[in-house]
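The lines below spell out each chain.
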Amino acid sequence: MPYLTKKYFYRLTVLLLPLFFAFCATKEKTKIVTKPPIVFTETSKQSVELDTKFIADEVSAYGKSIPFYCGIEILYGDEYFIYLDNTDSLTFIQLKGKSVKKVYIGNITRKMGEDYVSRIAGNQLLLLNRERKYFIAYNISQDFIITLQKSVNLNKFNKINAVRFTTHPDATRFILKDSLLFINYGILKTKNYIDKEAIVYFNLNDSLLTPRFIIEYPIAFHNDEIRNQELLFNMVNDSCLAFGYMQHDAVGIYNMMSNSITQTQISHDCKFLNFDEEKHGNLGYTWKYLLINEGNYNLFINSLQQLYLLKRLGKAQKKDTTVMECYVFDTKLNPIHSFKLNQTVCPSYIYKYQQGFLAFNDSLNKAYYYAFK
C-alpha cells in the first residue's frame with residue numbers, strides 16, 4: 001500500500017504542478033524580498049586546459065550556422081558539443097570518444113523559416129519561430145533519429161501582433177520545463193522594446209494557452225537607453241527559476257509555488273553603458289559600444305546546486321583584452337566567492353559542464369574547465 005500511495009501521489013503531482021503554477025501567477029501580486037547588495041570576496045581559481053582542436057577542425061571544415069543553437073549537452077549518458085553546420089546537418093561531436101554524428105535537418109529548418117531560435121535540452125530539439133509565433137519539439141532517439149513530438153501555435157497569445165520574442169543570441173530566449181514553456185519577450189514600439197514583465201510562460205497542456213507574466217524589469221530599463229535588455233534565466237528545481245539581466249547586476253530567484261522573488265545585487269565598479277540613440281545609424285559607434293560595454297553572458301545552476309553568473313567586464317578601449325569574471329552564489333543568494341578567468345575566452349562559448357563550466361576560446365581549439373568543489 002505505501003508503494004501505491006507514493007507512486008500515485010507522484011503521478012498526481014506531475015499532473016497538477018503546472019496548473020498550480022498557472023494559478024500562482026495570477027492570484028496576487030508577486031511578493032519581493034530584496035537583500036542588501038553583495039560585496040564578493042575575490043579568490044583565485046585554477047582551470048584544467050582541454051585540447052579541443054578536433055572540435056575546431058570539424059567546425060572549420062563544414063562551417064557553423066550562426067543563428068542556430070551551439071553548446072554542450074548530455075545525450076543518453078555521453079557529452080556532446082552540438083551545433084548546426086552550413087549543410088543543415090545537426091552535428092554531435094562526442095567530447096570523450098571524439099566521434100562525430102551528423103543528422104540532416106534541412107526539412108525542419110526550412111519549415112521554421114528564417115526567424116527562429118533553437119536549443120537542445122536533454123534528448124529534445126526545441127524550436128521557436130519568433131515571427132509566426134509557434135513552438136515545435138522534436139525527440140532525438142539514441143540512434144539519432146529525430147521525430148516530431150509536439151507542435152503548438154502561440155497565436156492565441158494576447159497582444160500577439162505587438163509581441164517581440166528575444167533576439168539576442170546570448171540571452172536565454174526560452175526554456176521548456178515539463179509542460180511549461182518560458183519565453184523572454186518584449187513589446188514593439190515601447191522604450192527598449194520591453195513590457196512590464198520580462199517572461200511570459202504557457203502551460204502547453206492548457207488548451208486555452210493562457211499567458212502568464214512574471215519577473216518585472218528594473219525601473220532603469222524603463223528610463224534609460226538599454227541596448228541589451230534581455231534576461232538570463234534557468235530552472236533551479238521544479239518550482240524555482242533563477243534570473244539575471246544582461247545589462248543589470250540584479251540577480252534573483254523566482255519561487256513559483258509562493259509567487260515570490262528573492263533578489264539581490266552585485267556590488268562592484270559597474271561599467272554598463274547607456275546607448276546613445278542619436279547615434280543609432282553610426283556603425284563605428286555601435287561596434288565600439290558592443291566591444292567595450294560590460295555584459296552578463298551566462299547564468300547556470302551546477303550539479304552542486306550553486307548559481308554562477310559569468311560577466312564580461314567593461315573595457316576602456318576596443319583593443320583591451322576581454323576579461324571574464326565569475327560570481328558564485330548558493331540558491332538562497334548568499335555569496336560563495338568570485339574569481340576572474342585566467343584566459344581570454346569567448347563570452348558566447350561558455351557552457352555548463354559537469355560541476356562547473358567549460359570556456360572556449362574564439363577559435364574553439366582550446367577550452368578551460370573550471371570546477372567547483
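Cut-off values and rules
- Residues numbered from 1 in each chain as written.
- Predicted model: local features only at pLDDT ≥ 70, side-chain atom pairs only at ≥ 80, totals over all residues.
- Heavy atoms only, no water.
- Helix = DSSP H or I, 4+ residues; strand = E, 2+ residues; numbered from the N terminus.
- Buried < 20%, exposed > 50% of the residue type's maximum accessible area, 1.4 Å probe, protein only.
- Lys, Arg positive; Asp, Glu negative; His and termini not counted.
- Salt bridge = Lys/Arg side-chain N within 4 Å of Asp/Glu carboxyl O.
- Polar contact = N/O pair within 3.5 Å; in protein donor to acceptor, adjacent residues only side chain to side chain.
- Contact = heavy atoms within 4.5 Å.
- Pairing = 2+ DSSP bridges.
- Axes fitted to C-alpha atoms, helices over the stretch in contact; angles between N-to-C directions.
- Phe/Tyr/Trp six-rings, centres within 6.5 Å; stacked < 30°, edge-to-face > 60°.
- Lys NZ or Arg CZ within 6 Å of the ring centre and 35° of its normal.

1. Here's the deal with the side chain of Glu79
Consideration 1: The topology assignment puts Glu79 in strand E4 (residues 78–84).
Consideration 2: Buried and without a salt bridge, Glu79 has Lys96 as its closest oppositely charged side chain, separated by 4.7 Å.
Consideration 3: Among the polar contacts made by the side chain of Glu79, one reaches the side chain of Tyr353 at a distance of 3.2 Å.
Consideration 4: What Glu79 contacts, discounting residues up to four positions off in sequence, is Glu73, Ile74, Ile93, Gln94, Leu95, Lys96, Tyr353 and Gln354.

2. Observations concerning the sheet that holds strand E24 (residues 350–353)
Consideration 1: Judged by pairing direction, the sheet is antiparallel, and its four strands sit side by side in the order E2-E26-E25-E24 without closing on themselves. The two strands at the open ends of the sheet, each matched to only one other strand, are strand E2 (48–51) and E24. Neighbour-to-neighbour, the strand axes of the sheet open up by a mean angle of 30 degrees, direction not taken into account.

3. Quick notes on the packing of aromatic side chains
Consideration 1: Inspection of every chain in the model, using the stated rule, returns 24 aromatic pairs.
Consideration 2: Linked through ring pairs, Phe300, Tyr308, Phe339, Phe357 and Tyr370 together constitute an aromatic cluster.
Consideration 3: Above the face of the Phe165 ring, Lys133 is positioned so that its terminal group lies 5.4 Å from the ring centre.
Consideration 4: Sitting above the plane of the Phe275 ring, Arg227 keeps its charged end 4.2 Å from the centroid.

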